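A closer look at the structure
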Amino acid sequence: MGVIVWIRGWLECDDEQLSQVREIIEADDADRTYSGGWSFPPRQYNFTNWVFFGAEIAAQYLDWFLEQLRSLARIPASDDDNDLIVGLFLVSHEIDGMSGWQVREGSVTIRAASQDHQFLDEQDVRRSVVRRAASGAVSSP
């Protein structure tokens, strides 16, 4: 078993940006290996559209996801309010721990995650240990 990364998060965007988000995601991973973690609510409410992501991925694909997220962050403003896409992702790496990825101002900023979210990281590590033990793999990441 390789190193695992758990990703949870969302993006906020307008209608035109949402169309571009869909296009980028669909074009980027035709077999939907990890892009299947993206979820588009069938009905958006009010003025902000939401796009969610949740997946447990092999660490070797983390750079792929980060580049996809950077592409999404670069989608330009599409109306007079000049709002760019914003979002937040909690990324829990089995070895490196948790970080917070902020999508804002056209880029992705990576910082240490808040201590308030560490319970998610602890849960992920417990899952990993149990899975490794069940598979006969070494239990320490």
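Our subject is the structure that appears above.
**Topic: the layout of surface pockets**
Of the voids in this model, the largest pocket is the one considered here, and its volume is about 150 Å³. Every residue lining the largest pocket is listed: Glu-12, Cys-13, Asp-14, Gln-17, Phe-47, Thr-48, Asp-79, Asp-81, Asp-83, Leu-84 and Val-86.

**Section: the nonpolar core**
Counting residues in hydrophobic clusters, the biggest one holds 28 residues, and the most contacted among them are Ile-7, Leu-11, Trp-38, Leu-69, Phe-89 and Trp-101. Going through the elements one at a time, strand 1 (4-13), helix 1 (15-28), strand 3 (49-58), helix 2 (62-73), strand 4 (86-93) and strand 5 (97-104) are the ones with two or more residues in this core. Take this core: its biggest share by element is 6 residues, from helix 2. Sequence-distant contacts of Ile-7, defined by excluding residues within four places in its chain, comprise Phe-53, Gly-54, Ala-55, Ile-57, Leu-62, Phe-65, Phe-89, Leu-90 and Val-91.

**Quick word on the packing of aromatic side chains**
For the structure on display, the rule yields 6 aromatic pairs. Measuring from centroid to centroid gives 6.0 Å for Trp-38 and Phe-89, while their planes differ by 75°, and the two rings are edge-to-face. Of this pair, Trp-38 sits in strand 2 (residues 38-39) while Phe-89 sits in strand 4; the two residues are 51 residues apart in sequence, bridging distant segments of the chain. Across the pair, exposure class does not vary: Trp-38 and Phe-89 are buried alike. Directly above the ring of Phe-40 sits Arg-22, whose terminal nitrogen or CZ lies 4.3 Å from the centroid.

**A short note on helix 2**
Between its first and last C-alpha, helix 2 extends 16 Å over 12 residues, near the 16 Å set by a 1.5 Å rise per residue. Three or more residues of helix 2 are buried, namely Leu-62, Phe-65, Leu-66, Gln-68, Leu-69, Leu-72 and Ala-73. The buried residues of helix 2 occupy an angular sector of 160° when the element is viewed end-on, so they sit on one face.

**Digging into unusual backbone geometry**
The phi torsion at Asn-46 lies on the positive side, around 60°, for a residue other than glycine. Structurally, Asn-46 can be placed in the loop between strand 2 and strand 3. Here the phi dihedral of Glu-105 falls at roughly 55°; this positive angle occurs in a residue that is not glycine. Note that Glu-105 resides in the loop between strand 5 and strand 6 (107-112).

What counts as what
Residues numbered from 1 in each chain as written. Predicted model: local features only at pLDDT ≥ 70, side-chain atom pairs only at ≥ 80, totals over all residues. Heavy atoms only, no water. 1 Å grid on protein atoms, 1.4 Å probe; cavity = no way out; pocket = protein on both sides within 12 Å on 5 of 7 lines; lining within 4 Å. Points joined across faces, edges and corners; volume = space filled by probe spheres on them. Core = buried A, V, L, I, M, F, W, Y, C linked by side-chain atoms within 4.5 Å. Buried < 20%, exposed > 50% of the residue type's maximum accessible area, 1.4 Å probe, protein only. Helix = DSSP H or I, 4+ residues; strand = E, 2+ residues; numbered from the N terminus. Contact = heavy atoms within 4.5 Å. Phe/Tyr/Trp six-rings, centres within 6.5 Å; stacked < 30°, edge-to-face > 60°. Lys NZ or Arg CZ within 6 Å of the ring centre and 35° of its normal. Expected span 1.5 Å × (residues − 1). Arc of directions from axis to C-beta.

Read these as spatial facts, not as claims about activity.
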